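Residue-level listing of the chains:
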Amino acid sequence: MKSFIYSLLLVLVAQIAVAQNDSETFPDAQRLKKVGQAGYTFLKIGVDARSTALGEAAVTLEGDAATLFFNPAGITAVEDKSFFVGHTLWFADIGKSAFSYAMSVGQIGHFGISALIMDYNTIEGTEIDPFNPVGYRDTGNIGVQEYAIGLTYGKRFTDKFGIGITAKFCSQDFVVTHSQTVAFDIGTIYDVGWNGVKVAMSIQHFSKNMKYVEESFQLPLTFHIGASVDVLDLINTGTDNHDLDFLFEGNNPIDYSERFHTGFEYWYRDIIALRTGYKFNYDEAGLTFGTGIRYNMLDFTYSYA
């Protein structure tokens, strides 16, 4: 187990070192970030307020249905049933809605279903018209539709180690062309059993190449690897009333250079949560924060990024 943890830390340190070395050796590398290499990018937008508040350092989170969206192995810690619904208010009146459901079926394993729906609101359609003084003419309102529906299976092989896989049907309708494909997510999670330390990895959006008119592209394939630790237990000050976790994640997306996410989550009496995080190597994103309230079987969460 120590060898596994050391290997994980070595990979994370190596990622940081390589990224730093590239920026020093090749100064222009910071401007060459592989952007525009993927389609179906709505799959990358966060849907869970908890993980978003934590700077999306979410690969080690487990125990609720929302984990289906970043690491399918997370549902292997669901004790009975879990239901999640969320809505993201994005810029330009764009919204993203999501829901997921997970349940335990004893020794058989865990099953889940999830759905993402991207809402671009009303878009005014136009068409080139050289005879019109403004160069175009209105064609009426148009609709753009994007969604993904997934089925997940997870299995806890021991009380500490779980693995999960999701198969999802993704569809995109851009009025003049329509495409659809099947993609896969796979992930693992391991509870070290020492001071709340967990290590996890996941690969998201693995699929065949797609084609838009004449250009081919891939889905936003991303590899995540990360760890989390109970800080208060680590420094021997843990109590039943307070809990503080630190989460770290490195990811390697197909359409950008390496990125790093960090987050802190504080719980008071398992009722009120305060969260903050930071996302490194982003053009716009950075600091995130949020809160949560737990009442009986319900969690209400909010985040801002």
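Residues numbered from 1 in each chain as written. Predicted model: local features only at pLDDT ≥ 70, side-chain atom pairs only at ≥ 80, totals over all residues. Heavy atoms only, no water.

A. Up close: the packing of aromatic side chains. Evaluation of the coordinates by the stated rule reveals 13 aromatic pairs. With centroids separated by 6.3 Å and ring planes inclined at 35°, the aromatic side chains of Phe157 and Phe161 adopt a geometry described as tilted. With a centroid separation of 6.3 Å and 20° between ring planes, the pair formed by Phe248 and Phe260 is classed as stacked. One end of the pair, Phe248, is in strand S13 (residues 242-253); the other, Phe260, is in strand S14 (residues 259-268), with 12 residues separating them in the sequence. Side by side, Phe248 and Phe260 carry an identical accessibility label, which is buried. Three or more aromatic residues joined by ring pairs make a cluster, and in this case those are Tyr40, Phe42 and Phe217. The lysine or arginine in question, Arg259, covers the ring of Tyr282, its NZ or CZ lying 3.8 Å from the ring centre. (Phe/Tyr/Trp six-rings, centres within 6.5 Å; stacked < 30°, edge-to-face > 60°. Helix = DSSP H or I, 4+ residues; strand = E, 2+ residues; numbered from the N terminus. Buried < 20%, exposed > 50% of the residue type's maximum accessible area, 1.4 Å probe, protein only. Lys NZ or Arg CZ within 6 Å of the ring centre and 35° of its normal.)

B. Quick peek at the confidence of the model for the chain. When the pLDDT values of the chain are averaged, the result is 87; 89% of them are 70 or greater. Averaged over each element, pLDDT in the chain is lowest for helix H1 (residues 2-25) (50) and highest for strand S15 (residues 272-280) (97). (pLDDT = per-residue confidence, 0-100.)

C. Fine view of the pairing of strand S9 (residues 198-206). By the bridge criterion, 7 bridges tie strand S8 (residues 178-191) to S9 in an arrangement that is antiparallel. Bridged to Asp191 within S9 is Lys198. Adjacent in sequence and paired antiparallel, S8 and S9 are bridged by 6 residues, among which Gly193 carries a positive phi angle near 85°. The pairing of S9 with strand S12 (residues 222-230) spans 7 bridges and is antiparallel. The residue of S12 that forms the bridge with Lys198 is Ser228. (Pairing = 2+ DSSP bridges.)

D. Structural context of the nonpolar core. In terms of nonpolar packing, the biggest core is built from 29 residues, with Tyr40, Leu43, Phe69, Phe84, Leu116, Cys170 and Leu219 touching the most fellow members. Looking at this core, the elements that each hand over two or more residues are strand S2 (95-104) and strand S3 (110-119). Every residue in contact with Phe69, bar those within four places of it in the chain, is listed here: Val47, Phe84, Ala98, Phe99, Ser100, Ser114, Ala115, Leu116 and Gln204. (Core = buried A, V, L, I, M, F, W, Y, C linked by side-chain atoms within 4.5 Å. Contact = heavy atoms within 4.5 Å.)

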